[in-house]
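What follows is the residue order along each chain.
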Amino acid sequence: MSPSFSEILSKSTVFSDRNVISPHYIPAILPFREKEIHKIMAGLSPALKNERPRNMFIYGKTGTGKTCSVRHVIAKFLEHPSSAKTCYINCRMYNSRYRVIQKIAKELMPTLDSMGFGLAMLYEKVMSEIGKGTHFVAILDELDMVKDLDDLLYTLTRANDELPAGSVSVIGITNKLTFKDQLDSRSRSSLCENEMVFDTYTTTQMQAILSQRAKMGFKPGVVDDGAVNLAAAIAAQETGDARYAIKLLLKAGEMADEKGTAKITDKEVEEARRSVDIDVAFEAISTLPDHQQLVLLAISNLALDKGKNTRLTGGAPEEEDSFLTSGEVYEQYSVLSKKHRKPRRSARWYREYLNDLEMLGLITTIESGAGMRGRTRLIRIGHSPADVQKIIEKNFAIIESK
Ligand SMILES: Nc1ncnc2c1ncn2[C@@H]1O[C@H](COP(=O)(O)OP(=O)(O)OP(=O)(O)O)[C@@H](O)[C@H]1O
Ligand SMILES: [Mg+2]
């Protein structure tokens, strides 16, 4: 008999408030970011005195608290009475000049039906609204995702020369280290009027962040100090990413609930680490462009076939034979491209795809010795080929059913 909801709901849990242990939750207090928050507030404050704030560029590795600090500041900004306006834009979603301007238009004129307006028309509408005297701050999070970013920055900064009153400023946020070099020099100098770097968290800082969360999200006595310290150490060592650390805690809690234990110890954290690493890899796979996914699928398929064969012949997996040759993978990739109706790319592109996959840690490659096969690149998959195959085939099934 299937269980009732009340049975499921009454199942014991280690969480007191599971939402708090979600990476989307923004705590009211952000430890170790007071200085940064203060600087962003100071940078924005001219807007509250009827002046144009300088543009600001915020850089820091993933999970260093850029988004949550800026969101924290926006919330405070809105509490303060003024005619200034802000608009938070996640450029992963709004990834072109047109989409960003459309989003700004919607923010300034909620009743406007912007469908069917061209860029010039939307821009005019935005300008006449801001020109009434609004100091407007566009917060462009993950702005490296904008395809025509130089055009967007040019449009937004040029606005100030045309406005009779009011102003437009930009706060740009990114975690891409090399991003600034790709901008043209005019965009760079206007965006970086004011620059700020978010450092990665140290192990001790990570411990404090995690224990703050653990206190709010788990029942008293559930989490060992040792478990928090271990999660903090793992996250600090690997990346310094607070989001990863919080995911570890969440997963560890879920595992404790599954097992029906009332404690989170080192053991749950270790297990959570494996599972979170797989989740992270799979997230990376799902967001890969089609051809990289097809190459990875080719590798998984061949690795699975080969696995069957080596089991038959008893070959050891660590030997060179457990690698695939670049040629056989390219052949299989060609077959798959045809099957999924994505015209096969040239060998030069294919080599690039292998480099990309290796950079992401999804495969490893080595050069073979000058043996019977001649010199060739040998490829091995980094995760379970069956799991990788499942996820990519699912992605393609979804795309093709659309
Ligand atoms: N100082 C902090 N105190 C408490 N929680 C924090 C702190 N910094 C980050 N976090 C938490 O870590 C997670 C990631 O933070 P955030 O989204 O701000 O990172 P980010 O720097 O914007 O990363 P990305 O570059 O990947 O977008 C969030 O869940 C946030 O609540
Ligand atoms: Mg962010």
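Residues numbered from 1 in each chain as written. Chains lettered and ligands numbered in written order. Predicted model: local features only at pLDDT ≥ 70, side-chain atom pairs only at ≥ 80, totals over all residues. Heavy atoms only, no water.

**Considerations on the packing of helix α14 (residues 326–339) against helix α15 (residues 347–359)**
A packed helix pair is summarised by two numbers, namely the angle formed by the two axes and the spacing between the axes.
Right, so step 1: Interaxial distance between α14 and α15 falls to 11 Å at its minimum, and their mutual angle equals 105°. By the criterion of interaxial angle, the relationship of α14 to α15 is roughly perpendicular. Here Ser326, Val329, Tyr330 and Tyr333 of α14 lie close against α15, whose contacting residues are Ala347, Tyr350, Tyr353 and Leu354.
Right, so step 2: Considering only residue class, the contact of α14 with α15 consists of 7 nonpolar, 1 polar and no charged. (Axes fitted to C-alpha atoms, helices over the stretch in contact; angles between N-to-C directions. Helix = DSSP H or I, 4+ residues; strand = E, 2+ residues; numbered from the N terminus. Parallel < 35°, antiparallel > 145°, perpendicular 65-115°, else oblique. Contact = heavy atoms within 4.5 Å. Nonpolar A, V, L, I, M, F, W, Y, C, P; charged D, E, K, R; others polar.)

**Some words on the pairing of strand β3 (residues 135–141)**
Right, so step 1: The element β3 is largely enclosed, with a buried count of 7 among its 7 residues.
Right, so step 2: On β3, burial covers both faces: His135, Val137, Ile139 and Asp141 on one face and Phe136, Ala138 and Leu140 on the other are all buried.
Right, so step 3: Judged from the 6 bridges that link them, strand β2 (residues 85–90) and β3 form a sheet pairing that is parallel. If you follow Thr86 over to β3, its bridge partner there is Val137.
Right, so step 4: Pairing geometry for β3 and strand β4 (residues 167–174), over 7 bridges, is parallel. Bridging from a neighbouring strand, Asp141 pairs with Ile173 of β4. (Buried < 20%, exposed > 50% of the residue type's maximum accessible area, 1.4 Å probe, protein only. Pairing = 2+ DSSP bridges.)

**So, empty space enclosed by the protein**
Right, so step 1: Taken as a whole and assessed by the stated rule, the structure comprises 1 cavity of 30 Å³ or more.
Right, so step 2: Reported here for the largest cavity is a volume of approximately 70 Å³.
Right, so step 3: As for the largest cavity, its lining consists of Ile101, Ile104, Tyr123, Val126, Met127, Ile130, Phe136, Thr155, Leu156, Ala159 and Val168.
Right, so step 4: Of all the secondary-structure elements, those providing two or more residues to the lining of the largest cavity are α4 (97–108), α5 (119–130) and α6 (149–162).
Right, so step 5: With 4 residues, α5 is the single largest residue contributor to the lining of the largest cavity.
Right, so step 6: For the lining of the largest cavity, the class distribution of residues is 10 nonpolar, 1 polar and no charged. (1 Å grid on protein atoms, 1.4 Å probe; cavity = no way out; pocket = protein on both sides within 12 Å on 5 of 7 lines; lining within 4 Å. Points joined across faces, edges and corners; volume = space filled by probe spheres on them.)

**Some details on the domain arrangement of the protein chain**
Right, so step 1: Examined at the domain level, the protein chain breaks down into domain 1 (5–20 + 201–286), domain 2 (34–198) and domain 3 (290–401).
Right, so step 2: On a C-alpha basis, the centres of domain 2 and domain 3 stand 42 Å from each other. (Domains from an automatic or database assignment.)

**Observations regarding the packing of α4 against α6**
Right, so step 1: Their axes nearest at 9 Å, the elements α4 and α6 cross at an angle of 35°. Residues Arg97, Val100, Ile101 and Ile104 of α4 touch α6, and the partners they reach there are Asp151, Leu152, Thr155 and Leu156.
Right, so step 2: Of the residues that constitute the contact of α4 with α6, the class distribution is 5 nonpolar, 1 polar and 2 charged.

**Comments concerning the environment of Thr178**
Right, so step 1: Note on placement: Thr178 falls in the loop between β4 and α7 (179–182).
Right, so step 2: Taking the relative accessible area as the measure of exposure, Thr178 reaches 47% and is therefore partly exposed.
Right, so step 3: Separated by 105 residues in sequence, Thr178 and Glu283 place their C-alpha atoms 23 Å apart.

**Let's talk about the pattern of salt bridges**
Right, so step 1: For the structure shown, the criterion picks out 17 salt bridges.
Right, so step 2: For the salt bridge of Lys176 with Asp144, the shortest nitrogen-to-oxygen distance reads 3.8 Å. Placement of the pair is Lys176 in the loop between β4 and α7 and Asp144 in the loop between β3 and α6, with a sequence separation of 32 residues.
Right, so step 3: Between Arg158 and Glu162 there is a salt bridge, with its nearest N and O atoms 3.5 Å apart. You can see Arg158 and its partner Glu162 sitting in helix α6, 4 residues apart, about one turn around the helix.
Right, so step 4: Residue Arg158 is classed as partly exposed on the basis of its relative accessible area of 28%.
Right, so step 5: Relative accessible area serves as the criterion here: at 44%, Glu162 is assigned to the partly exposed category. (Salt bridge = Lys/Arg side-chain N within 4 Å of Asp/Glu carboxyl O.)

**Focus on the packing of aromatic side chains**
Right, so step 1: Tallying each qualifying case throughout the model produces 6 aromatic pairs.
Right, so step 2: Taken together, a centroid distance of 5.9 Å and an interplanar angle of 25° make the contact between Phe57 and Phe179 stacked. Here Phe179 lies in helix α7 and Phe57 lies in strand β1 (residues 56–60), a separation of 122 residues in the sequence. One exposure class covers both Phe57 and Phe179, and it is buried.
Right, so step 3: One aromatic cluster in this structure is built from Tyr330, Tyr333 and Tyr350. (Phe/Tyr/Trp six-rings, centres within 6.5 Å; stacked < 30°, edge-to-face > 60°.)

**Points about the pairing of β4**
Right, so step 1: Across the 8 residues that make up β4, a large majority, 8, are buried.
Right, so step 2: Judged by which residues are buried, β4 turns out to be covered on both faces: Ser167, Ser169, Ile171 and Ile173 on one side and Val168, Val170, Gly172 and Thr174 on the other are all buried.
Right, so step 3: Of the pairings in the sheet, the one linking β1 to β4 comprises 4 bridges and is parallel in character. Counterpart to Phe57 in the pairing with β4 is Gly172.

**What about the confidence of the model for the protein chain?**
Right, so step 1: Summing up the model confidence of the protein chain, the mean pLDDT is 89 and the portion of residues at 70 or higher is 95%.
Right, so step 2: By mean pLDDT, helix α1 (residues 5–9) is the weakest element of the protein chain at 75, and β3 is the strongest at 97.
Right, so step 3: Low pLDDT, under 50, characterises residues 311–320; the stretch is placed with 8 contacts to residues that sit more than four places away or in other chains. (pLDDT = per-residue confidence, 0-100.)

**A closer look at the environment of Leu177**
Right, so step 1: Relative to the elements of secondary structure, Leu177 occurs in the loop between β4 and α7.
Right, so step 2: Considering only alpha carbons, one finds Leu177 and Ala281, 104 residues apart in sequence, at a separation of 21 Å.

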